Amino acid sequence: MGNRISIRSFQGTGGGAEHFLSIEAPANLGLAEQIGFIEARYADAQQSLGLAPETALFRRIFVSDAINQAEAIRDSALFAEPSESPVAVSIVQQPPLPDSKVALMAYHVESDAPVSKQRLSPKHLLVKKGDLAHLWSTRLCAGAYGSSASVTAQTRQVFDELIDVLSSQGGTLRDHCIRTWIYLKDVDVFYQGMVESRSELFAQHGLTRDTHYIASTGIEGACAHRYDLVAMDAYSIVGLAPQQVSQLNDLERLCPTKDYNVTFERGTRIAYADRSHCFISGTASIDNAGRVVHPGDVVRQLERALENVDALLRSGAATLEDMMQMAVYLRDPTDIARVDGYLSERFPDLPIVILHAAVCRPEWLIEIEGIAATANDDPTLPAF
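The following paragraphs examine the structure supplied in this document. (Residues numbered from 1 in each chain as written. Predicted model: local features only at pLDDT ≥ 70, side-chain atom pairs only at ≥ 80, totals over all residues. Heavy atoms only, no water.)

### Things to note about the packing of helix α6 (residues 298-314) against helix α7 (residues 336-346)
- In contact at an axis separation of 9 Å, α6 and α7 are set at 40° when each is read in the N-to-C sense. Pair α6 / α7 crosses with right-handed handedness. Here V298, V299, L302, E303 and L306 of α6 lie close against α7, whose contacting residues are R338, V339, Y342, L343 and R346.
- Class assignment for the residues of the contact of α6 with α7 results in seven nonpolar, no polar and three charged. (Axes fitted to C-alpha atoms, helices over the stretch in contact; angles between N-to-C directions. Helix = DSSP H or I, 4+ residues; strand = E, 2+ residues; numbered from the N terminus. Left-handed = near helix turned anticlockwise from the far one by under 90°. Contact = heavy atoms within 4.5 Å. Nonpolar A, V, L, I, M, F, W, Y, C, P; charged D, E, K, R; others polar.)

Below, the structure written as structure tokens:
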């Protein structure tokens with residue numbers, strides 16, 4: 001662990017190359033030195049891949065103490081962007097394990113086709129490519145100062161902002177939002193309030209058990225505002241054809257989330273002419289009756305979670321070998337050595353970050369999420 005740099009790339013036949021990077025800072029450095037280390041290694045990685053600055057679309061920066069570290073991150077090259085080529089940047093308090101202050105995940109796209117970027121607001125970046133508009137929304141939060149609004153109100157606020165921006169681009173939450181990451185301060189206390197608020201809002205926008213939901217991770221995390229209980233990142237695609245979207249599940253291994261009144265999809269597949277993306281929601285050690293499997297054993301829970309992820313991917317014509325990046329959330333940071341050893345041996349080259357973040361049920365010791373990319377051959381679909 002520590003100062004690990006991983007890169008995974010996918011080359012399509014018609015839509016260009018995608019690059020997924022993860023970089024972790026060594027723990028024996030101070031904050032400024034850790035930021036500088038990641039800046040330098042990130043620049044080296046881009047140079048080795050021959051990536052121009054405009055290929056950067058999205059970066060998520062994980063920090064150990066957002067209130068005290070966010071300003072330094074915002075002053076760094078990790079957050080900065082050229083005015084002619086903006087980047088969507090997320091800053092999330094989820095301490096990188098075992099004991100770094102900063103880690104980075106980055107996503108770059110090379111394309112022969114024209115790509116345009118438009119900064120709609122400080123939190124929303126629109127990337128137009130072909131007939132599609134990819135909306136990256138980051139650091140959505142209430143920005144609460146001086147008093148604490150309820151988790152229900154804050155959940156509504158972050159979704160309302162996303163809905164308003166989607167509407168301004170001719171999109172809707174139901175038809176165009178593909179993936180959300182919801183970060184909750186003290187997930188053991190506030191998760192249920194978020195779930196209830198989200199369910200009510202989804203029903204108002206046509207997202208029901210009879211239609212579909214959105215792939216999502218609801219996990220412990222925080223933004224840099226002291227009184228914020230909820231923060232969110234989201235990825236939406238305006239212009240999608242309905243036949244491009246399918247939901248992932250394997251009912252022999254996992255129950256539908258609606259069986260226990262939680263409104264998210266376990267995974268969503270987006271198909272293009274030459275490739276497909278599988279967005280895997282936060283996935284834990286669960287069976288097809290919604291029960292926690294292997295309570296108290298983090299390694300067996302990790303194995304079961306990976307089996308579940310593989311089953312989800314197979315329902316979308318992909319496998320674990322097609323994973324491009326992975327985030328792993330640990331409730332108990334003392335489990336890091338066993339978990340990191342297992343993952344390093346099984347996925348030695350996969351961009352992975354392991355983070356200290358509690359899962360929504362206390363019995364779940366570990367959760368996994370990520371994205372896979374695999375070849376597709378359907379010229380009737382839009383190009384990526």
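This is not the end of the story, as more comes after the structure.
### Quick word on the pairing of strand β16 (residues 352-356)
- A large share of β16 lies buried, amounting to four of its five residues.
- Bridging between strand β15 (residues 323-330) and β16 involves five bridges; their strand directions are parallel. Its bridge partner lying in β16, L330 is registered against H356.
- Once the chain exits β15 it traverses α7 before rejoining the sheet at β16, and the crossover so formed is right-handed. (Buried < 20%, exposed > 50% of the residue type's maximum accessible area, 1.4 Å probe, protein only. Pairing = 2+ DSSP bridges. Right-handed = clockwise from strand over helix to strand, strands pointing away.)

### A short note on the sheet that holds strand β3 (residues 56-63)
- Spatial strand order, β1-β2-β5-β3-β4: five strands in an open sheet with mixed pairing. One side of each edge strand has no neighbouring strand; the edge strands of this open sheet are β1 (5-11) and β4 (88-93). Ignoring which end each strand starts from, the neighbouring axes of this sheet average 10° apart.
- As paired elements, β1 and strand β2 (residues 17-24) share seven bridges and run antiparallel to each other. Across the sheet, the residue bridging to I5 is I23, located in β2.
- On top of the sheet, helix α1 (residues 31-49) reaches β1, β2, β3 and β5 (102-109); it is set at about 25° to β5, its chief contact.

### Here's the deal with the pattern of salt bridges
- On inspection of all chains with the given rule, the structure shows 12 salt bridges.
- As a salt-bridge pair, E24 and R4 come within 3.6 Å of each other at their nearest N and O atoms. A residue pair is termed long-range when its members are at least 10 positions apart, and E24 in strand β2 and R4 in the segment before β1 qualify at 20 residues.
- Note on E24: relative accessible area 3%, which makes it buried.
- Residue R4 is classed as partly exposed on the basis of its relative accessible area of 21%.
- As a salt-bridge pair, R179 and E369 come within 3.2 Å of each other at their nearest N and O atoms. Of the two residues, R179 is situated in strand β9 (residues 177-184) and E369 in strand β17 (residues 366-375); the sequence distance between them amounts to 190 residues.
- R179 gets classed as buried once you look at its relative accessible area, which sits at 1%.
- One connected set of salt bridges, linked through shared partners, spans R4, E24 and D340. (Salt bridge = Lys/Arg side-chain N within 4 Å of Asp/Glu carboxyl O.)

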